[in-house]
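Residues per chain, in single letters:
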Amino acid sequence: MRFFEYEAREIVKQAGIPVTDFGFATSADQAREIAERIDGATVIKSQVLTGGRMKAGGVQFAETVDEAAEHAEAILKLEINDHVPRGVLVDPRAELEHEYYAGVVWDGIRKQPVMLFSDMGGIDIEEVAEKHPDHVGRAHFSTLRPLSDFQAKEVIAATGVTGRPLTRITPILTRLAELFLERDMTLAEINPLGELADGSFVALDAHMDMETEARPRHKKLLEDLGVGSEETRQARESTEFELAGEEVDAMDHRGVAGNVTEFDGNLGLVIGAGGGSLTLFDAVRAHGGDPANYCEIGGNPSVRKAAGLAKLVLEKPGVDKIAVMMSIVSNTRVDIVARGVVKACLELGYDPAEKIAIFRVPGAWEEEGFKILDHYGVEYTDRSVSMHEAARRAVEKIPSSA
Amino acid sequence: MAGTFIDVELTDEARDDAQLAQELEDTCPVDIFANREGRTEIVEENLDECVLCEMCVVAAPPGAVRVLKLYDDTSLER
């Protein structure tokens, strides 16, 4: 889940990293009060969960209190990429000697966080990494072993930063890495990290993204920030299809049959098992398939839930067939999943043999599952057929696929 | 009415046994049996949730309960 900048800055502040004396306002009057308190030039920034604020006019500079209030009023009405601002952040305009970048991001391939640092801050780190790779330092670190200042120091020094800045930035990057772990973040970024004329450093903007599943662990923080439990804070609002998927999953306590994400393709997916859904989704795409959805099924859901999910996917406009595929499952009964998907077809008036492109769920009670599939003429495979091969066979059955 | 995959048969004697009605209700993990005033009633919408655990078959006297697997024409009974 993503945080607004004003929330991210508050998280950074709570972690002991210096920030400016910013304020959050939801009206021009509140913005005026904050600007009066700052008593100097300010920056008024739209609080939206989307990029391109500067280009859209969502960031304005003010010399006076009146100007700050005027900008706030205009920005509060300004939609950016269809996002209505939550409010505005009123920030003192800092005179900077230099801008740096400090970040920590989760590396899903290494399954470790990686610290990033650049002496070219204020611009996209991706751009810096592409055009000036020698200006980006990085190092993975353990989520288990204690974090050392030295690791952060090496990352910073790799960009050529030495002397006092190196000494002063090191604890900031270390603290950011600690914050990343403590708060279950997938992204913790300060950009720019500004160096002021007196040699001190201050976080001028921050981006934070927390693991959605970690929300219950950080209830207090979320309450303090005023983040409601109803706020999903995903990159986009859930579609009706995805919300219906949540309802299916909430039908009963048994297993999982949800986490549905909508795509535009014609091959419906009922997939899961210990990372299997990601692998299978990629496999379908690798074979030229066009998935209609992503989802996760596992943990031995009830027949009702498995059927509910399969029905949802089958009823999605444009879906030609469904592929029911999982990695090897020990805690999900194959016969129960088979019953669910066959039942979905029958209740919608479809022939399971036609609508189920392939059933590849090897695991507990598979012999019983195969009896059901045999009875309805559904093509199935056991574990001797790889997930990739199963995906290929499914894609092959979709007329418009490659 | 049977489920799509599972049906359950009880003898008339077993169906009217108040003690067995309660035992079957308590035993079935997916609520296929309900004790209705001392009589066993089959909860049809739960039939397909049957996990083939055979606990109902074991709880009842021999021959009293049969779980029919409609997809392969076999049954669980004793």
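Notes on the structure in this doc start here. The model shown is predicted, which means the values in this text are computed figures rather than measured ones. (Residues numbered from 1 in each chain as written. Chains lettered and ligands numbered in written order. Predicted model: local features only at pLDDT ≥ 70, side-chain atom pairs only at ≥ 80, totals over all residues. Heavy atoms only, no water.)

### Section: the interface of chain B and chain A
Opposite the 15 residues of chain B that make contact, chain A presents 17 residues. Taking both sides of the interface into account, the surface hidden between chain B and chain A amounts to around 1300 Å²; carbon and sulfur atoms contribute 47%. Taken together, the links from chain B to chain A amount to 4 salt bridges. The closest approach of N and O atoms between Glu-49 of chain B and Arg-254 of chain A, which form a salt bridge, is 3.9 Å. Seen at the junction of chain B and chain A, the total is 11 residue pairs in polar contact (both at pLDDT 80 or more). (Contact = heavy atoms within 4.5 Å. Buried area = accessible area lost by both parts, 1.4 Å probe. Salt bridge = Lys/Arg side-chain N within 4 Å of Asp/Glu carboxyl O. Polar contact = N/O pair within 3.5 Å; in protein donor to acceptor, adjacent residues only side chain to side chain.)

### What about helix α9 (residues 240–249) of chain A?
All names here are of chain A. Along α9, the residues that are buried comprise Phe-241, Glu-242, Gly-245 and Val-248. One side of α9 carries all its buried residues, which in axial view fall inside an arc of 105°. Those residues of α9 that are exposed and aimed more than 90 degrees away from the buried face are Glu-240 and Glu-247. Where the residues of α9 are buried, they touch β11 (256–262), β13 (293–298) and α11 (303–314). (Buried < 20%, exposed > 50% of the residue type's maximum accessible area, 1.4 Å probe, protein only. Helix = DSSP H or I, 4+ residues; strand = E, 2+ residues; numbered from the N terminus. Arc of directions from axis to C-beta.)

### With respect to the side chain of His-218 of chain A
All names here are of chain A. Within the element layout of this structure, His-218 appears in the loop between β10 (206–210) and α8 (219–225). Owing to a relative accessible area of 6%, His-218 belongs among the buried residues under this scheme. Each residue touching His-218, except ones within four places of it in the same chain, is listed here: Glu-182, Arg-183, Asp-184 and Met-210.

### Focus: unusual backbone geometry
Between Asn-191 of chain A and the following residue, Pro-192 of chain A, the backbone shows a cis peptide bond with an omega angle of 10°. By the secondary structure assignment, Pro-192 of chain A is in strand β8 (residues 185–196).

### Description of the packing of aromatic side chains
Scanning all chains against the criterion turns up 8 aromatic pairs over all chains. Residues Tyr-100 of chain A and Phe-201 of chain A carry aromatic rings whose centres are separated by 5.7 Å and whose planes lie at 55° to one another, so their mutual orientation is tilted. Highlighted residues: Tyr-100 of chain A in strand β5 (residues 96–107) and Phe-201 of chain A in strand β9 (residues 201–203), separated in sequence by 101 residues. Comparing Tyr-100 of chain A with Phe-201 of chain A, the two get one shared label, buried. Here Tyr-376 of chain A and Phe-5 of chain B contribute two aromatic rings whose centre-to-centre distance is 6.1 Å and whose plane-to-plane angle is 75°, an arrangement assigned as edge-to-face. (Phe/Tyr/Trp six-rings, centres within 6.5 Å; stacked < 30°, edge-to-face > 60°.)

### A word on helix α2 (residues 28–38) of chain A
Residues and elements named next belong to chain A. For α2, every residue scored as buried is listed here: Ala-28, Ala-31, Ile-34, Ala-35 and Ile-38. The arc enclosing the buried residues of α2, seen along the axis, measures out at 120°, which places them on a common side. Exposed residues on α2 whose side chains face more than 90 degrees from its buried face are Asp-29 and Glu-33. Each element contacted by the buried residues of α2 is listed here: β1 (23–25), β2 (42–46), α4 (65–77) and β4 (88–92). Of the residues flanking the end of α2, it is Asp-39, one or two places downstream, whose phi is positive at about 55°.

### A closer look at the packing of helix α12 (residues 334–347) of chain A against helix α14 (residues 366–376) of chain A
Residues and elements named next belong to chain A. Direction vectors running N to C along α12 and α14 enclose 20°, while the axes themselves pass 7 Å from each other. The orientation of α12 relative to α14 falls into the category roughly parallel. Facing Val-334, Asp-335, Ala-338, Arg-339, Val-342 and Leu-346 of α12, the residues of α14 in contact are Glu-366, Glu-368, Gly-369, Ile-372, Leu-373 and Tyr-376. Considering only residue class, the contact of α12 with α14 consists of 7 nonpolar, 1 polar and 4 charged. (Axes fitted to C-alpha atoms, helices over the stretch in contact; angles between N-to-C directions. Parallel < 35°, antiparallel > 145°, perpendicular 65-115°, else oblique. Nonpolar A, V, L, I, M, F, W, Y, C, P; charged D, E, K, R; others polar.)

### Regarding the nonpolar core
Residues Met-325 and Phe-359 of chain A together with Val-8, Phe-33 and Val-65 of chain B are the most contacted members of the largest nonpolar core, which totals 80 residues. Ranked by residues supplied to this core, first place goes to α12 of chain A with 8 residues. Residues contacting Phe-33 of chain B, with those up to four places away along its chain left out, are Val-8, Leu-10, Leu-24, Glu-25, Cys-28, Thr-40, Glu-41, Ile-42, Val-43, Cys-56 and Val-65 of chain B. In this structure, Phe-22, Phe-180, Ile-190 and Leu-221 of chain A belong to the second largest nonpolar core, which totals 46 residues. (Core = buried A, V, L, I, M, F, W, Y, C linked by side-chain atoms within 4.5 Å.)

### Structural notes on the pairing of strand β2 (residues 33–36) of chain B
Residues and elements named next belong to chain B. Two elements, β2 and strand β3 (residues 39–42), share 4 bridges in a ladder whose sense is antiparallel. Among the inter-strand pairings, Arg-36 is bridged to a residue of β3, identified as Arg-39. Here β2 folds back onto β3, and the loop between the two strands holds 2 residues, one of which, Glu-37, carries a positive phi near 50°. (Pairing = 2+ DSSP bridges.)

### Some points on the pattern of salt bridges
Any two side chains of opposite charge can pair if their charged atoms end up close together. Residues and elements named next belong to chain A. Tallied over the entire structure, the rule returns 36 salt bridges over all chains. Here Arg-175 makes a salt bridge to Glu-178, at a shortest N to O gap of 3.0 Å. Taken together, the residues span about one helical turn, with Arg-175 and Glu-178 both in helix α7 (residues 163–182) at a distance of 3 residues. Residue Glu-389 is joined to Arg-393 by a salt bridge in which the shortest nitrogen-to-oxygen separation is 2.9 Å. Remark: Arg-393 and Glu-389 occur in helix α15 (residues 387–396); sequence separation between them is 4 residues, near one turn of the helix. With relative accessibility at 25%, the residue Glu-389 sits in the partly exposed group. Relative accessible area serves as the criterion here: at 26%, Arg-393 is assigned to the partly exposed category.

### Digging into the sheet that holds strand β15 (residues 356–360) of chain A
All names here are of chain A. Read across the open sheet, the 3 strands follow the order β12-β14-β15; overall the sheet is parallel. Edge strands, defined here as strands with exactly one partner in the open sheet, are β12 (267–272) and β15. Between one strand and the next, the sheet's axes are offset by a mean angle of 10°, whatever the strand orientation. Two elements, strand β14 (residues 321–326) and β15, share 4 bridges in a ladder whose sense is parallel. Within β15, the position partnered with Met-325 by the bridge is Arg-360. Relative to the sheet, α11 contacts β12 and β14, its axis offset from that of β12 by approximately 155°.

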